[in-house]
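Residue-level listing of the chains:
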Amino acid sequence: MADSRLPNFRALTPAQRLDHIAEAAALTADEKALLSQPGALPLARADGMIENVIGTFELPFGVAGNFQINGQDVLVPMAVEEPSIVAAASFMAKLARESGGFETSSTGPIMRAQVQILGVTDPYGARLALLKHRDEILSVANSRDKVLIGLGGGCRDIEIHVFPDTPRGAMVVMHLIVDVRDAMGANTVNTMAESVSPLVEKLTGGQVRLRILSNLADLRLARARVRLTPEVLKTRERSGEEIVEGVIDAYTFAAVDPYRAATHNKGIMNGIDPVIVATGNDWRAVEAGAHAWACRSGHYSSLTTWEKDTAGALVGTIEMPMPVGLVGGATKTHPLAQLSLKIMGVKTAQQLGEVAVAVGLAQNLGALRALATEGIQRGHMALHARNIALVAGATGDEIDTIAKQMAAEHDVRTDRAVALLEALRRK
Ligand SMILES: CC(C)(COP(=O)([O-])OP(=O)([O-])OC[C@H]1O[C@@H](n2cnc3c(N)ncnc32)[C@H](O)[C@@H]1OP(=O)([O-])[O-])[C@@H](O)C(=O)NCCC(=O)NCCSC(=O)C[C@@](C)(O)CC(=O)[O-]
Ligand SMILES: NC(=O)C1=CN([C@@H]2O[C@H](COP(=O)(O)OP(=O)(O)OC[C@H]3O[C@@H](n4cnc5c(N)ncnc54)[C@H](OP(=O)(O)O)[C@@H]3O)[C@@H](O)[C@H]2O)C=CC1
């Protein structure tokens, strides 16, 4: 098991950081080479992945340190363009590990496919006809994907949802409830939904139209919990108790106000999406599921909760859909996706989902802790300043010199960076 503590990792060069991670995660020389040079995704491979390819698009690939999940150290690869995310996740994981880290759990890898049935005058009668033939429907759904069945997955059940009075008449929607094992499962369940359609039409007398998975993957949930004592949270300027109260006030704002909840949840996805991208998974599917889930009560709200236990410690939880896979999609075609899994040391899609939500919870705490105390700009803008220095044309050592100067002046702007660069080059 790799030691995930990365003290002062920022002080190393990218090559030194890679040496450290390669050793910790036992990467081979070839795997290490993939990360040490640009172009990990060969053009010919990219051309096979999507259409009209003319090149590849790279993102920074960082590793968040300090994560301890269910007592195990985990190094977390993150592919993302925004500064301060990897730093905040690493920082909060560092605090969390002092109180035992993150505890996670998840449901089985169950996805839903929807089959829309129109043209039925007796929708409740159609419902019973489908339920009566449940076993036959399951058998047709499971007749195609021998690999999945062999792995212990497959269609487990059906659910029937009736919308008796839509602007297009009565609508019956059959859900296939499918165990997709270590796949994200969209293609798998879509194939099943298409294969059962002739039988569904025969049983209901209606016409089947859409046959597609639901991205509201509410049967495939991942959960994480963290507990931090005031002692761990305290800073030079503020007591731990003050920070606990501040984080709970910040969370409550998101719980009651959708305008705030959207930003709060964006902060959570700041942690989750980079893990999803680094592992070649479909981040649009995860985003769609997250926001639909956040709205499940009819009121768009927070994906996390923050409260205080009887001992006065801050307790954070997250529970949300996590449709991710270790096979399928780009998870096997993008060379860095498999490498990310190796660095993380995850062996199942469920474990990957649990790591992703733990990072989301850490990220949320990082943002709330900053917002409830000094504000977001000091930490975030100090790191964003390096981007601004790059935009102004700084290279090499100039980048850090100018970024540090702007951060010290609390004046992070491109025109200031240009002025500082000119002054530096005149010296
Ligand atoms: C940015 C920090 C962490 C600085 O915080 P700091 O107190 O200056 O950090 P520090 O220098 O004391 O370092 C503490 C630890 O943080 C990590 N760390 C610290 N700096 C680095 C770095 N350069 N590179 C790598 N790791 C770093 C690292 O783990 C380090 O431990 P050490 O290595 O010393 O043992 C803090 O201010 C913070 O957490 N801020 C929140 C940042 C954030 O949330 N960013 C997301 C973007 S803003 C946004 O889009 C979302 C938002 C905010 O709108 C969501 C919402 O509203 O809810
Ligand atoms: N709305 C959405 O979110 C949609 C998303 N998509 C896309 O679908 C893709 C994901 O679909 P997905 O079904 O996961 O991909 P695949 O169909 O590529 O992979 C799943 C298949 O892999 C095989 N397999 C091998 N090992 C395993 C294992 N351990 N566990 C499970 N299956 C295994 C199975 O059978 P076999 O070998 O027989 O194939 C299974 O059917 C993503 O690219 C996503 O972007 C597509 C449509 C809609």
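Identification of the protein chain as 3-hydroxy-3-methylglutaryl coenzyme A reductase from Xenophilus arseniciresistens is taken from an unreviewed UniProt entry. Quoted verbatim from the Pathway (unreviewed entry) field of UniProt, the annotation for the protein chain is "Metabolic intermediate metabolism; (R)-mevalonate degradation; (S)-3-hydroxy-3-methylglutaryl-CoA from (R)-mevalonate: step 1/1." Looking at the Catalytic activity (unreviewed entry) heading of the UniProt record, one finds this comment for the protein chain: "(R)-mevalonate + 2 NAD(+) + CoA = (3S)-3-hydroxy-3-methylglutaryl-CoA + 2 NADH + 2 H(+)".

Colleague: I keep staring at the site of ligand 2 and nothing clicks. Help me out?
Modeller: What surrounds ligand 2 is a group of 21 residues, the closest being Asp 145, Gly 185, Thr 188, Asn 215 and Asp 282. Met 184 places a main-chain nitrogen or oxygen 3.1 Å from an oxygen atom of ligand 2. Here Thr 188 contributes a side-chain N or O atom positioned 2.9 Å from an oxygen atom of ligand 2. Burial of ligand 2 by the protein amounts to 68% of the accessible area it has alone, namely 920 Å². Of all elements in the fold, only α7 (146-150) and α8 (186-204) reach the threshold of two or more residues within the shell around ligand 2. The biggest single contributor to the shell around ligand 2 is α8, with four residues. Partitioned by chemical class, the residues of the shell around ligand 2 number 10 nonpolar, seven polar and four charged.

Colleague: Explain the site of ligand 1 to me, please; I cannot follow it from the model alone.
Modeller: Neighbouring ligand 1 are 27 residues; Asn 8, Ser 84, Lys 94, Arg 260 and Lys 266 lie closest to it. At a separation of 2.9 Å, an oxygen atom of ligand 1 approaches a polar side-chain atom of Lys 266. Alone, ligand 1 offers 1,100 Å² of accessible surface; in the complex the protein occludes 79% of this. Of all the secondary-structure elements, those providing two or more residues to the shell around ligand 1 are α4 (85-97), α11 (258-278), α14 (349-372) and α15 (377-391). Here the element with the most residues in the shell around ligand 1 is α11; it accounts for six residues.

Colleague: Any chance you could explain the packing of aromatic side chains here in plain terms?
Modeller: For any pair of aromatic rings, the description consists of the separation of the ring centres together with the inter-plane angle of the planes. On inspection of all chains with the given rule, the structure shows one aromatic pair. Over the ring of Trp 283 we find Arg 284, and its NZ or CZ is 4.4 Å from the ring centre. Over the ring of Trp 293 we find Arg 296; its NZ or CZ atom is 3.8 Å from the centre of that ring.

Colleague: Can you help me understand the sheet that holds strand β6 (residues 169-179) in this one?
Modeller: Sheet strands line up and pair through hydrogen bonds in the backbone, either parallel or antiparallel. Reading across the sheet, the four strands line up as β5-β6-β4-β7 and stay open at both edges, with antiparallel pairing between neighbours. The strands lining the two open edges of the sheet, one partner per strand, are β5 (154-166) and β7 (207-213). When the angles between neighbouring strand axes are averaged without regard to direction, this sheet yields 20°. Both strand β4 (residues 110-118) and β6 contribute to a ladder of eight bridges, which runs antiparallel. By the bridge assignment for β6, Ala 113 is matched with Leu 176. Helix-sheet contacts for helix α5 (residues 123-132) involve β4, β5 and β6, and the interaxial angle to β5 is about 175°. Taken strand by strand, α8 contacts β4, β5, β6 and β7, and its axis lies near 160° from that of β7.

Colleague: Even after reading the chapter, I still don't get the packing of α11 against helix α12 (residues 283-294), so can you show me in this structure?
Modeller: Helix-helix packing is characterised by the crossing angle of the two axes and by the distance between the axes. In the contact formed by α11 and α12, the axes pass within 10 Å of each other and the chain directions differ by 150°. Taken together, α11 and α12 sit at an angle that is classed as roughly antiparallel. The interaxial crossing formed by α11 with α12 has right-handed handedness. Residues Asn 265, Met 269, Ile 272, Asp 273, Ile 276 and Val 277 of α11 pack against Trp 283, Val 286, Glu 287, Ala 290, His 291 and Ala 294 of α12. For the contact of α11 with α12, the class distribution of residues is eight nonpolar, two polar and two charged.

Rules of the game
- Residues numbered from 1 in each chain as written.
- Chains lettered and ligands numbered in written order.
- Predicted model: local features only at pLDDT ≥ 70, side-chain atom pairs only at ≥ 80, totals over all residues.
- Heavy atoms only, no water.
- UniProt positions renumbered as here; feature names shortened; annotations may be inferred.
- Near = heavy atom within 4 Å.
- Polar contact = N/O pair within 3.5 Å; in protein donor to acceptor, adjacent residues only side chain to side chain.
- Areas by Shrake-Rupley, 256 points an atom, 1.4 Å probe, with all protein chains shown as cover.
- Helix = DSSP H or I, 4+ residues; strand = E, 2+ residues; numbered from the N terminus.
- Nonpolar A, V, L, I, M, F, W, Y, C, P; charged D, E, K, R; others polar.
- Phe/Tyr/Trp six-rings, centres within 6.5 Å; stacked < 30°, edge-to-face > 60°.
- Lys NZ or Arg CZ within 6 Å of the ring centre and 35° of its normal.
- Pairing = 2+ DSSP bridges.
- Axes fitted to C-alpha atoms, helices over the stretch in contact; angles between N-to-C directions.
- Contact = heavy atoms within 4.5 Å.
- Parallel < 35°, antiparallel > 145°, perpendicular 65-115°, else oblique.
- Left-handed = near helix turned anticlockwise from the far one by under 90°.

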